Amino acid sequence: MTQETIDQILKFRDDRDWKQFHNPKDLAISISLEAAELLEVFQWSAEDIGCADKIDKIREELADVVSYCVLMADVCGLDLDEIVREKIKRNNEKYPVEKARGSKKKYYDLK
C-alpha cells in the first residue's frame, strides 16, 4: 500500500472529525466485524471455495478491513511496513522453507 493511499484513508477520517472516536479497542472491534463480513461472503458455500463470482463483495469487505488496519496503526503509532516486515521475519524463523514447503502443519508440528 502506498503512502498516498494511507494518506487518503486518514484524510477521509480527519475531514469528518472521526479520529476522536477511534481508539484501539473500538478499531479492533471494527476490524473483527469487517473481517466477519468478509467471511460471510463464503458462508454456506459448501465446496465452493473459489471467489470469481464473489470478487466485487470480497474487494469491498477487504478494503474495509485494510482501512481499519491503517486507522489502528495510526492510532497506535505503528509503521505498517515495519510491523509486517518484522512478522515475515518471525514467520520465516517459525516456518523454514525446508520444513514448511507444501505443508499446512503449525510450526510446532513441523519435523
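Within each chain, residue numbers correspond to sequence positions counted from 1 in written order. Per-residue local features are limited, in this predicted model, to residues with pLDDT of at least 70; the limit for side-chain atom pairs, both in listing and counting, is 80 or more; totals at the level of whole chains, interfaces and linings are taken over all residues. No hydrogens and no water enter the side-chain calculation; it runs on all heavy atoms of the structure.

1. Details of the nonpolar core
Buried Ala, Val, Leu, Ile, Met, Phe, Trp, Tyr and Cys residues form a nonpolar core when they are joined through side-chain atoms within 4.5 Å. Buried residues are those whose accessible area, probed at 1.4 Å on protein chains only, stays under 20% of the maximum for their type, while exposed residues exceed 50% and partly exposed ones sit between those limits. Of all hydrophobic cores here, the largest spans eight residues; its members are I6, I9, L10, L27, I31, V70, L71 and M72. Looking at this core, the elements with two or more residues in it are α1 (3–15), α2 (24–40) and α3 (55–76). Not counting chain neighbours up to four residues away, the residues in contact with L71 comprise I9, L10, R13, H22 and L27. Counting from the N terminus, the helices are the DSSP runs of H or I reaching at least four residues and the strands are the DSSP runs of E reaching at least two. Residue contacts are counted whenever heavy atoms from the two residues lie within 4.5 Å of one another.

2. Some details on the pattern of salt bridges
Each reported salt bridge corresponds to a side-chain nitrogen of Lys or Arg within 4 Å of a carboxyl oxygen of Asp or Glu. Inspection of the entire model under this criterion finds seven salt bridges. Across the salt bridge formed by R13 and D74, the nearest N and O atoms sit 2.8 Å from each other. Of this pair, R13 sits in helix α1 while D74 sits in helix α3, and the two are 61 residues apart along the sequence. Under the relative-accessibility criterion, R13 is labelled buried at 3%. Notably, a salt bridge pairs D53 with K54, separated by 3.7 Å at the nearest N-O pair. A relative accessible area of 66% places D53 in the exposed class. Because the salt bridges share partners, they merge into one network encompassing R13, D14, K19 and D74.

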